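Understanding the architecture of this molecule
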Amino acid sequence: MRTRSNSGVRLDYYQRVVHKLILDHQQPVTGLFPASPHNDHAWIRDNLYCILAVWGLSMAFKKIADQDEDRAKTYELEQSCVKLMRGLLMAMMQQKDKVEKFKSTQHPHDSLHAKYSSITGRIVVKDNEWGHLQIDAISLYLLILAQMTASGLQIVFSLDEVAFIQNLVFYIESAYCTPDYGIWERGDKTNHGLPELNASSIGMAKAALEAMNELDLFGARGGPSSVIHVLADEAQKCQAVLQSMLPRESNSKELDSGLLSIISYPAFAVDDPQLITKTRDTIVSKLQGKYGCKRFLRDGHRTPREDPSRLYYEPWELRMFENIECEWPLFFCYLILDYCFQGDKVNLTEYMQKLEKIMIRKDDGIKLVPELYSVPGDKAHLEQIEPGSQERIPLGRCPFIWAQSLYILGKLLQEGFLAVGELDPLNRRLCSEKKPDVVVQIVILAEDNEIRDKLLEYDLHVQTISEVAPIEVQPARVLSHLYTYLGRNKKLGLSGRKSRDVGILSTSKLYSLNERIFAFTPQNFDYEEYYMTRDPALLASTFTANVAFLGMSWKQMLGRPTITLLATQYLLDQGKIPMAMITTMKKLKSGYINGTRVTLGNLGDFLSTSAITNLSFLGSQEEGYPDKLNPQVQSYLEEHLLRSFSSRLSVLARPPAVRHARALRRRMSVRGAIKKTRSINVDSDTLGMEGEYVGSHLLERKPSWLEVEPGRSPSPEDAKKRAFTKGTSTTSLGITTPTIEISKESTPPPPKEEGTVKNVLLRNRTISESQNIYAEQETDELIAMLRETESLDEQGDILQYLVDTHGLEFNTGMQENGKHVTVKDLLKVLYEKACSQKLWGLVRHTAGMLGKRVEDLAKAVTDLLVRQKQITVGMPPNNEHTIIAPLPENELRQLIHVAYGDDESTAMLTQELLVYLAMFIRTEPQLFLEMLRLRVGLIIQVMATELSRTLSCDGEEASEHLLNLSPFEMKNLLHHILSGKEFAINSVGRGNFSIVSNKSNRYTKKSQILLEGQGLQGTIDEAPITEPDRQGQWLRRRRLDGALNRVPRDFYQRVWAVLEKCQGLVIQGKVLQPNLTQEMTSGELKFALAVETVLNSIPQPEYRQLVVEALMVLTLVVEYKAVNHLGGTITVEHLVHKANQIFLEDQTRCSGDATLCCAKEGAGAGAGGAGAAGALVCGGAAGVCQLLYDSAPSGRFGTMTYLARAVAALLAERLPAHEPVECAIT
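In this report, we go over the structure that sits alongside the text. (Residues numbered from 1 in each chain as written. Predicted model: local features only at pLDDT ≥ 70, side-chain atom pairs only at ≥ 80, totals over all residues. Heavy atoms only, no water.)

Focus on the pattern of salt bridges
Note that side chains of opposite charge can pair when their charged atoms are close. Per the counting criterion, the structure on display carries 59 salt bridges. Of the charged contacts in the structure, one is a salt bridge between Lys73 and Asp12, with a shortest N-O distance of 3.3 Å. Of this pair, Lys73 sits in helix α3 (residues 68–93) while Asp12 sits in helix α1 (residues 6–21); the two residues are 61 residues apart in sequence, bridging distant segments of the chain. The two residues Lys73 and Asp12 agree in class, both being buried. The salt bridge involving Arg922 is made with Asp863; its shortest N-O contact spans 2.3 Å. In this pair, Arg922 sits in helix α32 (residues 904–923) while Asp863 sits in helix α30 (residues 857–866), placing the two residues 59 residues apart along the sequence. Residue Arg922 is classed as partly exposed on the basis of its relative accessible area of 36%. According to the relative accessible area criterion, Asp863 is buried, its value standing at 5%. Bridged by salt links that share partners, the residues Lys206, Glu210, Asp271, Arg428 and Lys555 form one connected network. (Salt bridge = Lys/Arg side-chain N within 4 Å of Asp/Glu carboxyl O. Helix = DSSP H or I, 4+ residues; strand = E, 2+ residues; numbered from the N terminus. Buried < 20%, exposed > 50% of the residue type's maximum accessible area, 1.4 Å probe, protein only.)

Section: unusual backbone geometry
With the exception of glycine, most residues fall at negative phi, and the peptide bonds are largely trans. With omega at 5°, the peptide bond leading from Tyr265 into Pro266 counts as cis. On the secondary structure map, Pro266 appears in the loop between α9 (260–263) and α10 (273–287). Cis geometry is adopted by the peptide bond preceding Pro470, which originates at Ala469 and carries an omega value of 10°. Within the fold, Pro470 resides in the loop between β10 (463–464) and β11 (471–475). Despite not being glycine, Glu185 has its phi angle at roughly 60°, a positive value. By the secondary structure assignment, Glu185 is in the loop between α6 (159–173) and α7 (199–212). One non-glycine residue, Phe268, lies in the positive phi region at around 45°. Turning to its location among the elements, Phe268 is positioned in the loop between α9 and α10. Taking the relative accessible area as the measure of exposure, Phe268 reaches 8% and is therefore buried.

What about the nonpolar core?
It is characteristic of soluble globular proteins that their nonpolar side chains tend to be buried jointly. In terms of nonpolar packing, the biggest core is built from 144 residues, with Tyr141, Ile165, Met212, Leu330 and Leu406 touching the most fellow members. Dropping the residues within four chain positions of it, Tyr141 is found in contact with Leu48, Met85, Leu88, Leu89, Met92 and Ile165. Trp840, Val915, Val936 and Ala944 belong to the second-largest nonpolar core, a separate cluster that totals 86 residues. (Core = buried A, V, L, I, M, F, W, Y, C linked by side-chain atoms within 4.5 Å. Contact = heavy atoms within 4.5 Å.)

Some details on the sheet that holds strand β31 (residues 1065–1067)
Read across the open sheet, the 3 strands follow the order β32-β31-β33; overall the sheet is mixed. Where the open sheet ends on each side, the last strands, each with one partner, are β32 (1070–1072) and β33 (1130–1131). (Pairing = 2+ DSSP bridges.)

Quick notes on the packing of aromatic side chains
In this description, an aromatic ring pair is defined by two values, namely the gap between the centres and the angle between the planes. Scanning the model with the defined rule gives 24 aromatic pairs in all. Look at Trp328 and Phe400: their rings are 6.0 Å apart centre to centre, the planes differ by 65°, and that puts the pair in the edge-to-face class. Taken as a pair, Trp328 in the loop between β4 (292–293) and α11 (330–342) and Phe400 in the loop between β8 (393–395) and α14 (401–414) lie far apart in primary sequence, 72 residues in all. One aromatic cluster in this structure is built from Tyr49, Trp184, Trp328, Phe331, Tyr334, Phe400 and Trp402. Stacked on the ring of Phe296, the Lys or Arg Lys253 has its end atom at 5.2 Å from the ring centre. The ring centre of Tyr312 lies 5.5 Å from the NZ or CZ of Arg310, which sits over that ring. (Phe/Tyr/Trp six-rings, centres within 6.5 Å; stacked < 30°, edge-to-face > 60°. Lys NZ or Arg CZ within 6 Å of the ring centre and 35° of its normal.)

In structure tokens, the structure reads:
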């Protein structure tokens, strides 16, 4: 026996351990590992973790391989890894149809299975019998495949396998918006089989996407066709969602130790060092015990109180598991690897000792890691009283190979047999290191010489498209089409990439194809599709946002990003280049824009510094001509060589004919057709929240639908409920609906308004009588008028009427180039004209009628949802539709149109606002703190109210102004409302307004009141402060915060504490039961949503805000332990009304302002201030005096003072009289 060095002896020992514990169990046929000797199922995830120790050991042997047998050992270990990885690959390839199906459906039943038979590699349970959808397992497979390939192993053998792996990349592409069952295979923690969005799955998918990008699966021997392509934006989306979720794992799990696998080895998915530390510290402080970490709070698995006879838990049972959850030594192994990678020897030794203390020694002296430690049944209650006091017993599999394998890796690293770089050949561990600044390269191209010369006047030297040849410039949709050829494979029946989305990261690369080079313009600058791109100021701001985004997100890519912009005729404003564009271009010349480094130049100069990707997958691989372009691609590219924009219809530009008297009368009856479709409500009293409080005052209130004149009931549905009519000449059209009530104004009507309401399925159309009579014979006259009139608004009204009566496809009888012209064609022409004249109200309306979509609506909604915000569309209170899961584009548009009935303009505006909200949440997530649900209909109403306040005009005008704001100003106004900034309005001529911030100090101070920031309370308003405006400031704050659903920090956790101390909270007749605290932990998102749903049933935003303040006062009582228990159920509104009553008594005593309204003699102040007469006097919502809404929270006459007095009165009734009350003044 020859002598061996010490290190050799030690490695031989590890080889024996690995052989005995791991390799002995590897199935010889499939290469998979069964779960245990009695269970032959092989889980993808567990198998991958098992093999890591084998792979690590093979690399350790490679380094000391001085003798032949060591080299043989290295090879033997490596081939075991290859055997396992290929075993899993074969098992998944047998389910190739599922991969294909899942790309379009993302349905849990279409997912790849999570476990297979280790004997045959076939499936072991049916699709619906297991939570198979576990994106983290497939992602882990791709990640480890990439790392092993990079370390020199050859795992993938054929191009068909490459195509399959490319499709697995598409399979995990949508991870950021696909709820799955996650690392513990259970989804929601009650285990009822409800998948949820899990941070650990998203992190693993991000790591896999980055690791696979541009990876050659044949290693050093491959060529262009064995390379995997990933669109960089897909990983970026996972990154953004991850940032917003951590340290939360999912809706039902506020924390999970499984996150250790993504903040450190193996995924290294988080770039932000502070977030990594925060997540690790939270796990250690809340979940770590003596024997490992709990998986998550209230995890009932294998605890003594779990009922082993059923798989799921009842929601109320979860409380039983508190403090007795099992502890898993596995997580000590993760922490050990984490500290190895950080090079932190102190913590490494500490955790290694903790782990080795709880490992179990077998007869042969090998230490084993057990699966978990549980509290013995008889000690459970003691452990609950004093967590950590009881000895625990090991349960489950021993050794738990997943943990054992990670432990062996930790030992190899600790003893210096492996360097961290060998376990991570792709250098993922460096992703949180600081990088040098990105320089964004910008190229501006002119469509033709005319535009080039116009730019020259401003000293901007640009090239035209023809001058940059041989480089070809194409819109982003061409790139998205080319990517659909990626991963196609006829033999396997795989169809390539399904998603059509290409983001700014992908269009900022240049692409080479055989000898050609392509540059693509960004997707959000596609002029053909979206009217928002017709607003130069919005384009400029989108562009600067894009540049900033590239500066932050351009990581792990060789070369610099290049943005290619096209200056086209569309941008010209009455023949001139708009100032917004010029100032932005000038800024570019300075070298910095909003803190991002930029350089402006010509495409040719940037070729050597840009990121260039090879589109080699467009060859005819399967036909055996890899170097020849796929014929389909060839013809597609030839079609799309930038053709000039197609010729426009000239129908509406005919010489004016003679006007008939009849046409004039006809015009009167059409006028206002568009206006009648509007549904924004700006009634300062209820802000569109007609709730239960309206009832009898309906007739005395201001009009509440802009759509019709004073007196028409709030909506056709209400009209059916309260059948009242006013005024004269009531027509009833007995067509489809049994009863139709029409209410018309009682003042003498002008000819244009003879409003009848007709109910047609979902759409409520407003048609006037005369129209009904003349409809048939006079269409020709209308078309004649259409040609004569110069005013676009009038053309809009005529077309709206034609669409209402005849539909879009109606043939107008005109001809253009030998084709019949339909109403739709005329609408398109009108849309183009309105765009070029910047008449935004008309643009929005015609875009809605033509069914144009706002850019990436589905993506915008998904961006909001995956950051844990829910969305409602439609006008409150009767018509709100909540969106809680990502929907495809067409369903979303359908939902929005149903929600707004016939109001095309507002439906379009809603789509537009959703896009802006998504922009803001991507760039300024802090605006959305403490908001769980974005109610778009309410936000639109608040925007209109704000306009009517600043322009001091009535609601109808304000909503006209709102719909006529340019997209950029719309985005600006939304930003001001979200951030609580004050603004003033400047007129810019042509009926457009511009919104500017008030910069003076006095306005921007935020007074932090009510426990660190109850909403954003600033002080108010335009330049010289005018009395009336000072007056409404707190009312307005409360209205804004209520409409945006803002609550104070930690509000929901505090409400949880209040619920523990009483028998329920009643709001608007809905009860928050105390058993919610049994079902959910205080930090759980599900709990917050439950509370929020109840709060949202309050129709008036300012009243909702007072209820929130009342709840905050209750939380103070609980936090300062003023009483042990709050008694029975508490009706929160009673507190508000009690406070109102005390307020009115005070006002009467010191004869304050309220004596003019609610505190008048006999105004019913005695009845809690909610007497019907009282509500009428000042019109305060829900019978609370307007002046109380308008009081500051603090101070002697502040709302907090009155609410505190109301709570004191409540407690006085409930506390026993003889007990002394301790009075602690803080």
